[in-house]
Amino acid sequence: MSYTFQDIKEAIQTQFGTQVVVSENTALQQPQLVLSKESIKNVCLFLRDDNRFFFDQLSCLSALDNGPVKNTIEIIYHLYSIPFNLFFILKVEVERGDGKEDLPEVPSIVDVWRTADWHEREAFDMYGIKFSGHPDLRRILLPADWEGYPLRKDYTEQEYYHGIKVAY
Amino acid sequence: MFDTGKLKRGEIIINMGPQHPSTHGVLRLEVLTDGEIVKDVIPHMGYLHRCYEKHAEKLPYNQVIPFVDRMDYLAAMNSEHAYAMGVERMLGIDKDIPKRVEYIRVLVAELNRISSHFVAIGTYGLDIGAFTPFLWVMRDREHINRLLEWLSGARMLYNYIWVGGLFYDLPVGYEDRCKDFINYLKPKLIELQKVIIDNKIFIERTANIGVLPLDLAINYGITGPMLRGSGLKFDLRKVDAYSVYPEIDFDIPVGTGEMGTTGDCWDRTSVRVKECFESVRIIEQCLEKLTGEYKRTREFDPQALVPKKIRPKAMDFYVRAENPKGELGFFFRTTGNTDVPFRCKVRAPSFVNLSVLQAISKNVMIADLVAILGSFDIVMGEIDR
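Computed from a prediction, not measured in an experiment: that's the story for all the values here. (Residues numbered from 1 in each chain as written. Chains lettered and ligands numbered in written order. Predicted model: local features only at pLDDT ≥ 70, side-chain atom pairs only at ≥ 80, totals over all residues.)

Enquirer: Which residues make up the nonpolar core, and what values go with them?
Expert: Residues Ile75 and Ile129 of chain A together with Leu107 and Val108 of chain B are the most contacted members of the largest nonpolar core, which totals 146 residues. Broken down by element, the residue count for this core peaks at 13 residues, all from helix α4 (residues 99-127) of chain B. (Core = buried A, V, L, I, M, F, W, Y, C linked by C-beta atoms within 7 Å. Buried ≥ 20, exposed ≤ 12 C-beta atoms within 10 Å, placed from the backbone. Helix = DSSP H or I, 4+ residues; strand = E, 2+ residues; numbered from the N terminus.)

Encoded structure:
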């Protein structure tokens, strides 16, 4: 049988209690489950190893900035189960911080799926999200000494980079 | 980066790239070597970063398509197809697209798939010292480039598949030229198979090299010919059955470890060569439909369904499709009150596929590192975006 969004949500709640689920967004064409950030790693491990679901593939990990007004950053995990052809979407919402010293922190899921390694580095590079427990959290696409996090909505580029004018 | 203070006796750090022909673009590999042995390797990228995702947040949906072309510049049609499909699904018009449009899309996407695989196979031959197949595939790829140029005016970056339709119908006589090309290509593919994957020297060079076990591949999120080379029959064209692929009969070649171990470089290359044969089958069936059931009519307008204003409702949407390199995914966040995406993240297959390099190239020879990297078939435009 094929499990629905509600089945998987209930399985998570029986395993970890109801408090891990912050909210759910089932009105969407692709429903999402919003989790508390502390629980994300254990839930991922559970979903990967539970023999009802076997979410063995992390399709995509996207970060998303809601801008300074809403003041949140979202991290969206697209899970896919090859044996059962199931999709599941998890989401974590955190405060976005000021983008300089104060950066949001989310547990890394590199130990669950190695795919997350480079995706989390990219999210760190572009949004300044610190993934605690990540083995090698460096910038991946931008130079190591670049300032700021370009995909944040309030990003302004630095004026000069090694004497080169940045704005064109 | 490696800590130079912790080097053991005899170990040297070597930079391979970014201007190295074997790294397939501007990829820099930082290699920790002990003599001829690679102890560890760290890929560094970003030299071709063109801020796709930032650009996409500033542009209307239809204007993003040329940027999508420039990600995987060897298979632009496939990327366009995935992107257009995603936006159409968000708009809810994906079921209304005329069959002729869908068949043309699949036809050009498969032509492009062959051309992308040709580059992969040809340059892989170059990497490990076979020059002939490179010239052969470039000669045959030229025919595909010309066919697609006739269609769209561009040789590599087409902007041909639009949201809701196509830029233009097939030119008159296109189907016949395609048929001629397919008839020309079939014996050439057999030649290519003989000169590459059945070649004794090639087998000796690639069998048992760079073995990627299936569990590791899945954990790293590997998709496309690499995953199938590791022995899993997984193709999104079959699994998701998007576009008109369910109406078309084709097989999914997988690696079986025929020449060595399942998931070695030979398996990956052989999957690509066999996929070219399958693409030829798909193209033949498309041409049959395009000249029969869905043939050209005077009334047919490929732009009939192209929306004047592309404004999807507020939602999060993930769409994926099978590119020559693997699963290409687009993640959209739309707000419902603008024509530009709020967020357009790309899950690039090459990006994910490359991440496994470090895991499977420990304690191999330097020459084998080139062989392993070549068998991944990466495109830097897609990794750096």
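Enquirer: Describe in detail the sheet that holds strand β6 (residues 315-323) of chain B, supporting the description with residues and values.
Expert: Residues and elements named next belong to chain B. Taking strand neighbours across the sheet as the criterion, the three strands line up as β6-β7-β8 in an open arrangement whose pairing is antiparallel. Each edge of the open sheet carries a strand with a single partner, namely β6 and β8 (343-347). Strand after strand, the sheet turns through a mean of 15 degrees between neighbouring axes, direction not considered. As judged from the nine bridges shared by β6 and strand β7 (residues 326-334), these two strands associate in the antiparallel manner. Directly across from Tyr318, in β7, lies its bridge partner Phe331. (Pairing = 2+ DSSP bridges. Axes fitted to C-alpha atoms, helices over the stretch in contact; angles between N-to-C directions.)

Enquirer: Explain the sheet that holds strand β2 (residues 28-34) of chain B to me, using residue names and the numbers behind them.
Expert: All names here are of chain B. Pairing in this open sheet of four strands is antiparallel, and the strands run β1-β2-β3-β9 from one edge to the other. Where the open sheet ends on each side, the last strands, each with one partner, are β1 (11-16) and β9 (364-365). Strand direction decides the pairing type here: strand β3 (residues 37-44) and β9, joined by two bridges, are antiparallel. Paired with Ile37 across the strands is Met365, a residue of β9.

Enquirer: Quick rundown of the interface of chain A and chain B? Include the residues and the values.
Expert: Opposite the 25 residues of chain A that make contact, chain B presents 27 residues. Of all the elements in the fold, those that place two or more residues in the side of chain A that touches chain B are β3 (57-65), β4 (72-81) and α4 (116-127) of chain A. Sort the elements by how many residues they give to the side of chain A that touches chain B and β3 of chain A lands first, with six residues. Of the residues contributing to the side of chain A that touches chain B, the split by class is 13 nonpolar, nine polar and three charged. (Contact = placed C-beta atoms within 7 Å. Nonpolar A, V, L, I, M, F, W, Y, C, P; charged D, E, K, R; others polar.)

Enquirer: Residue-level account of the pairing of β7 of chain B, with values.
Expert: Residues and elements named next belong to chain B. Taken across its nine residues, β7 has eight buried, putting it largely inside the fold. Hairpin connection between β6 and β7: a loop of two residues separates the two successive antiparallel strands. Two elements, β7 and β8, share five bridges in a ladder whose sense is antiparallel. Pairing of Arg333 across the sheet is with Arg343, part of β8.

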